[in-house]
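Secondary and tertiary structure notes
Residue strings, one per chain:
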Amino acid sequence: MLSPVTLPPSSSLDQHTQIFPTLTAAQIDRIRPCGKVRHVEAGEVLFQPGDEHVPFFVLLSGSLEIVQPSQPGQPILVTHAAGNFAGEIATMSGQRAFVLGRVATEGDFLEVRHEDFRALIGRDAELSEVFLRAFILRRLALIHSGAGNVILLGSRHSAATLKLREFVSRNGYPYVYRDLDTDTSSQELLDRFNVSADDVPVTICNGVHVLKNPSIQQLADCLGLNANVDQTAIRDLIIVGGGPSGLAAAVYAASEGLDALLLETASPGGQAGSSSKIENYLGFPTGISGQELTGRALTQAMKFGADIMVAHSAVRLHCDRRPYHIVLEDDTKLATRTIVIATGATYNKPPLPNLARFEGLGVYYGATFMESQLCDGDDVIVVGGGNSAGQAAVFLSQTARRVHMLVRSGQLADTMSRYLIRRIEENPNIELHYKTEIVALDGDTELERVTWLDKSTGKQSAHRIRYVFMMTGASPRTDWLKGCLALDAKGFVLTGRDIETTALHSGGWSLSRPPQMLETSLPGVFAVGDVRAGNIKRVASAVGEGSMAISLVHRTLGEL
Ligand SMILES: Cc1cc2nc3c(=O)[nH]c(=O)nc-3n(C[C@H](O)[C@H](O)[C@H](O)COP(=O)(O)OP(=O)(O)OC[C@H]3O[C@@H](n4cnc5c(N)ncnc54)[C@H](O)[C@@H]3O)c2cc1C
């Protein structure tokens, strides 16, 4: 029986077969040496929400129900039969399960321990494809039907709600969202858990743990997103930053057998994750959303066995001796022989005194599907004249009534791609305002009015516009590195030949060889992507540098 998991709308019979494939006898024979046959009795619980490193089960006979115990009525999501296998993305990553597996009919199951399962997918390409496809589709079905173990109660008028929704979505975690402004039935939930509408956003994990207005760290802990990460190990490599460059480094490092951990402040994706459509990345002629691209990369990194730690930031580097220690905001110290710095850049913010008050309540720094839904049919402002502003304007023009693009200078940036310039100029929904800057934001609880200054006429005008997208470039995220390695005047990390000999020696470079390409003034520490001085600000170059860095890491590890 293969229901009632709700498949994404495009599902077909073929997709159904892919999501719950029946393994052939030959395929099962290839799995047998990795596990042991276990006789199971009806009613036996094999795994439940909260369990880590859940084994992989292939059903030789009997049947297994997958149940969501934290939802009303404890729905059975699927019943696996002989030849099927249990599992989804968490089975591969070792993260906590959020469903329960209960034997429906007694039989014999082949049980493969988590680490043996990882080894199997690393060496058997055909099985790896079958499992991965099924796991990804199952996770998508769980996301689509909200069959996870977390309920998020919030309001579209709350910036904190948007932040949490972004966090769970970008981590590919299934959740149920209840908007208190539109969903009247939510009151029953609030009453049941004894919380008031003033506490929003509220999350309920596993039907028991209630978090009022949690930070993303608290939510990550509640979901156990990092529970499988050993924080005491001395690793070959820690990659700091989960944008395209960090994800590429994680994929190559793990696939080449390094013990690698990727550390990310929020959720993987980086700046690219806030891009509605990337059209110039090789191999995607019709474009791909940043979240889809980086989501795929994350799954790939997990498949090869990279550990991922989210919702934690590197705040300091202890660089006086090796192994290096990366210090987190809660003072945890992670030890590593080498480091790839992939912390990218953060959005520049115009100097408007009350900007922070409207962040998430009318002022946004990314234009993805989620933000575009908020301003459907309204007028919006996009600030900036570079590639990211151009993309946002074109994307938002599909749903907004009118897009006002405010450009500080007299023209679009020289760096903007030709195809974007053409699309903007030819789009009747986009109005370009050159030499124009926002001078005031006004509103009560949310942004209601924007005043801008046309510098060519000196005239200020106020507009009833409730949505502003700031796309005004970025500065490097290198505060945590200060005092450890050579940075340029703007704070970008210097690498390879760009490091001057004096900086090298005053910084304590101890080796007879000079730094390799992408290596910083600290031996064994590399910088890639947008954080590196001289970077190209493109997804492709970030991915290229992240992958290249790994061959240099190997060379460095050989020196130790
Ligand atoms: C809206 C938008 C659209 C874009 N569109 C395109 C496009 O179409 N084509 C293109 O080629 N390029 C595009 N770009 C540029 C491209 O996204 C970037 O060049 C690319 O993302 C850089 O990747 P990165 O991994 O070096 O850094 P980032 O993407 O900036 O990622 C850095 C990551 O590090 C994390 N981090 C930072 N500090 C810490 C810390 N202390 N500890 C832990 N983690 C940390 C951040 O949270 C972030 O996830 C776009 C950029 C934006 C903003």
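Residues numbered from 1 in each chain as written. Predicted model: local features only at pLDDT ≥ 70, side-chain atom pairs only at ≥ 80, totals over all residues. Heavy atoms only, no water.

Some details on the confidence of the model for the chain
Overall, the predicted model of the chain reaches an average pLDDT of 91, with 98% of residues at or above 70. Taken as a whole, residues 1–11 scores under 50 in pLDDT and shows 26 contacts with residues more than four places along the chain or in a different chain. (pLDDT = per-residue confidence, 0-100. Contact = heavy atoms within 4.5 Å.)

Here we look at the site of the ligand
Taken together, 33 residues are adjacent to the ligand, and S245, E264, Q271, Q391 and V539 come closest. Between the ligand and P244, the relevant distance is 3.3 Å, taken from an oxygen atom to a main-chain nitrogen or oxygen of the residue. At a separation of 2.7 Å, an oxygen atom of the ligand approaches a polar side-chain atom of S245. Protein burial of the ligand: of its 990 Å² of free accessible surface, 93% is covered by the chains. Counting only elements with at least two residues in the shell around the ligand, the list comes to α9 (244–255), α13 (387–396) and α16 (539–559). Across the shell around the ligand, the residue classes break down as 11 nonpolar, 17 polar and five charged. (Near = heavy atom within 4 Å. Polar contact = N/O pair within 3.5 Å; in protein donor to acceptor, adjacent residues only side chain to side chain. Areas by Shrake-Rupley, 256 points an atom, 1.4 Å probe, with all protein chains shown as cover. Helix = DSSP H or I, 4+ residues; strand = E, 2+ residues; numbered from the N terminus. Nonpolar A, V, L, I, M, F, W, Y, C, P; charged D, E, K, R; others polar.)

A look at the environment of S456
Along the chain, the position of S456 falls in the loop between β24 (449–454) and β25 (459–463). Residue classification places S456 among the exposed positions, given a relative accessible area of 54%. At 2.6 Å, the side chain of S456 and the side chain of D454 are in polar contact. (Buried < 20%, exposed > 50% of the residue type's maximum accessible area, 1.4 Å probe, protein only.)

Details of the pattern of salt bridges
Across all of its chains, the model carries 30 salt bridges by this definition. With a shortest N-O distance of 2.7 Å, R30 and D124 are connected by a salt bridge. Residue R30 is found in helix α2 (residues 25–31), and its partner D124 is found in the loop between α4 (114–123) and α5 (125–145); the two are separated by 94 residues along the sequence. Of the residues examined, R30 reaches a relative accessible area of 34% and is grouped as partly exposed. Ionic pairing is found between E519 and R513, a salt bridge with its closest N-O pair at 2.8 Å. Salt bridges sharing common partners tie together R30, D124 and E126. (Salt bridge = Lys/Arg side-chain N within 4 Å of Asp/Glu carboxyl O.)

Remarks on the environment of S128
Relative to the assigned elements, S128 resides in helix α5. Residues S128 and V54, spaced 74 residues apart in sequence, show a C-alpha to C-alpha distance of 17 Å. With near-sequence residues (within four places) excluded, S128 lies in contact with I121 and K303.

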